[in-house]
Each structure stands twice: as C-alpha cells, then as structure tokens.
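Summary of structural features
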Amino acid sequence: MALLDTWSAFHRWFWNSDVWLPPGFDWEDMKKNDKVRYAEFGDLIYPIPLAFALICLRLVVERAILYPFGQHLGLKNRPKPKVKQNLILDQVYRQRGKTIGHKELEALGKKTDMGVRQVERWMRRRTAADKPTTLSKFSESGWKFFCYAGNLLFGLYVLWDKPWFWDINYCWYDFPHHSITPDIWWYYMLGSCFYWSLMFSQFVDRQRNDFWQMFIHHCTTIALLGFSWTCNFTRIGTLVLILHDSADAFLEVSFEILPFLNQQEINYSSFHGV
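Summarised in this report is the structure supplied together with it. (Residues numbered from 1 in each chain as written. Predicted model: local features only at pLDDT ≥ 70, side-chain atom pairs only at ≥ 80, totals over all residues. Heavy atoms only, no water.)

Remarks on the pattern of salt bridges
For the structure shown, the criterion picks out five salt bridges. Its salt-bridge partner being Glu140, residue Lys144 comes within 3.6 Å of it at the nearest N-O pair. With Lys144 and Glu140 both in helix H7 (residues 134–159) and four residues apart, the pair spans about one turn of that helix. The burial state of Lys144 is the same as that of Glu140; both residues are buried. Taken together, the salt bridges that share partners define one network made up of Arg58, Glu62 and Arg63. (Salt bridge = Lys/Arg side-chain N within 4 Å of Asp/Glu carboxyl O. Helix = DSSP H or I, 4+ residues; strand = E, 2+ residues; numbered from the N terminus. Buried < 20%, exposed > 50% of the residue type's maximum accessible area, 1.4 Å probe, protein only.)

In structure tokens, the structure reads:
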C-alpha cells in the first residue's frame, strides 16, 4: 500500500500540469471529445511491437536485397577465422575484450596450459571472428538509409498539405487543442518504432566504440518523442522528425556507405553538397 501511495505521489509530481501544459490548462482539458482527438499516452505502446516487426523486415531486406547488391558492387563476405573453443579464455574475452595486460596473460596461460603467445594468438583470432565484414557493415548502413529515406518521403507526403509545414506559427495557434489525424498518428508511431528498433538491435549488431553513446541517444530520442506526443506538441514534433530524417539520410550515405566502396571523393562532395 505504501508503494502505491509513493508511486501515486511521484506520478502527480512528475506530470504536474503547471510544468507540461500552458498556463490555465489541466490534463482534464486534454481528453478526447467530439471536436478534438488529442494524442493519448497509451498509444506509445504500439511502437514497441512495431519495432520487432521492423527488425524482422530488416532481416529479410538485408538477406534478399542488400547483401546481393553489396556483392554486386564488389564487397566480399570474408570467412571468419575458426577459433578453438576455450571456455576460460572466452569468458575473459567477453568481460574484458582486448584490454588484457601481460601479467593476466601469464595467469591465463597457466590456467589453460598455454603459452603467453598462444593466449595472445587466441585473443587475436577471437577478435577477428567477432569483427563484422565490410558486406555486413554495408548492409546495416543500407538498411538505415532506407529507413531514413522512407521516413523522409512519408513525412513529406503527410506534412505537405499541413499549414505548419509552411508556416511554423501554426504550431502554436490554438495550442494545445490540436487534433491528431490518422496520417500524423502513423508518422509519429513509425518514427518512434524505428528508434525502438535501433535500440533493440544494438545488442545484436556489430559492436561499435560508441555503443553507450548511441544507446543514450536512442533512449533520449524515444523519450522526447513520447513527451512531445503526451503533451500534444505533435506539430513541432513532426517538423523535428522530418528535419532529422532529411539530414540523417545524407549522412548515412556520406559517412557509412560510400567509404565501404572506396569512394571518398564522392563521399565528401555529397556531404558538402548538403
């Protein structure tokens, strides 16, 4: 009972209408009626199952389209080196990676009845086995480009006839009484599900040096989308979404895809062109 009371007090404190809504408005004013269909907090659950569906679609697109296309461009899916199974070394590798000192290598050698050079060689081969191929990197980046470009095109289709797309002042006229149309609903849900899918797939994709930075980025983006949806800041939210998608599509090509094809000259000229 005390836990429920604590949660209720926190809920009231966090969702204080004085913080989230304009002066003179309360959450009771944001309930759906015959005139206005407000954004509903419960809708934010839909992007999560959609994200898993998007991950499944990604697997199909990568295997059926992007891998063959990458091979057609000359990218090779090099075979990974075989690594002799060693539970002790594998456990240390998963915990520490390549950051192992000489003394620890000696200790591991004694535990596994191997020499220091043998342990070092095993670690190098294990690292090489984990390293993704250029073809897999190309496919991952190609998928992101398709999503960014698809979101951009869908955003243009949705927002082209919306007055706030051409005049930002309409984002604030009669706020927060902005009705959510079906196309805006889908644009927000698809944008959210893409970032949910990026966050989930981080744990199975190639491990990047900026893993935690990108994880925090995805969580922050999802939170911003959720808060803007809950507070009915959807007009300005759609503009932010389309701006990010328009930039991310070109950045993904310039700094992720073209370098794999050794087209640095095209890479930099396309970026500066943006």
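Alright, that's what it looks like, and here's the rest.
Describing the side chain of Ser139
Take Ser139: it is sitting in helix H7. With residues near it in sequence (within four places) discarded, Ser139 still touches Glu62, Leu66 and Tyr67. (Contact = heavy atoms within 4.5 Å.)

Comments concerning the side chain of Ser197
Within the secondary structure, Ser197 is located in helix H9 (residues 182–201). Setting aside anything within four residues of it in sequence, one finds Ser197 in contact with Ala51, Leu54 and Ile55.

Some thoughts on helix H11 (residues 234–257)
Compared with the 34 Å implied by 1.5 Å per residue over 24 residues, the 32 Å span of H11 between its first and last C-alpha is a close match. The principal kink in H11, of about 25°, is found at Leu251. (Expected span 1.5 Å × (residues − 1). Bend = angle between axes of the 7 residues up to and from the residue.)

Considerations on empty space enclosed by the protein
Using the criterion set out here, one finds one cavity of 30 Å³ or more in the structure. Counted as a void, the largest cavity has a volume near 30 Å³. Around the largest cavity, the lining residues are Leu54, Ile55, Arg58, Trp143, Ser197, Leu198 and Ser201. Broken down by secondary-structure element, the contributors of at least two residues to the lining of the largest cavity are helix H3 (47–72) and H9. Residue composition of the lining of the largest cavity, grouped by class: four nonpolar, two polar and one charged. (1 Å grid on protein atoms, 1.4 Å probe; cavity = no way out; pocket = protein on both sides within 12 Å on 5 of 7 lines; lining within 4 Å. Points joined across faces, edges and corners; volume = space filled by probe spheres on them. Nonpolar A, V, L, I, M, F, W, Y, C, P; charged D, E, K, R; others polar.)

Structural notes on the nonpolar core
Core analysis: the biggest nonpolar cluster contains 34 residues, and Leu159, Phe194, Tyr195 and Trp229 have the highest contact counts within it. Contributions of two or more residues to this core are made by H3, H7, H9, helix H10 (211–230) and H11. Ranked by residues supplied to this core, first place goes to H9 with 11 residues. Once you skip the residues sitting within four places of it in the chain, Phe194 turns out to touch Leu54, Cys147, Tyr148 and Asn151. (Core = buried A, V, L, I, M, F, W, Y, C linked by side-chain atoms within 4.5 Å.)

Considering a positive patch on the surface
Where like charges cluster on the molecular surface, the positive patch consists of Arg117, Arg121, Arg124 and Arg125. Judged by its relative accessible area of 38%, Arg125 falls in the partly exposed class. (Patch = residues over 30% accessible without salt bridge, like charges linked within 9 Å, V, L, I, M, F, W, Y side chains within 5 Å. Areas by Shrake-Rupley, 256 points an atom, 1.4 Å probe, with all protein chains shown as cover. Lys, Arg positive; Asp, Glu negative; His and termini not counted. Charge placed at Lys NZ, Arg CZ, Asp CG, Glu CD.)

Re the environment of Trp160
The topology assignment puts Trp160 in the loop between H7 and helix H8 (163–166). Accessibility expressed as a relative area gives 53% for Trp160, which makes it exposed. Apart from residues lying up to four places away in sequence, Trp160 is in contact with Phe165 and Trp166.

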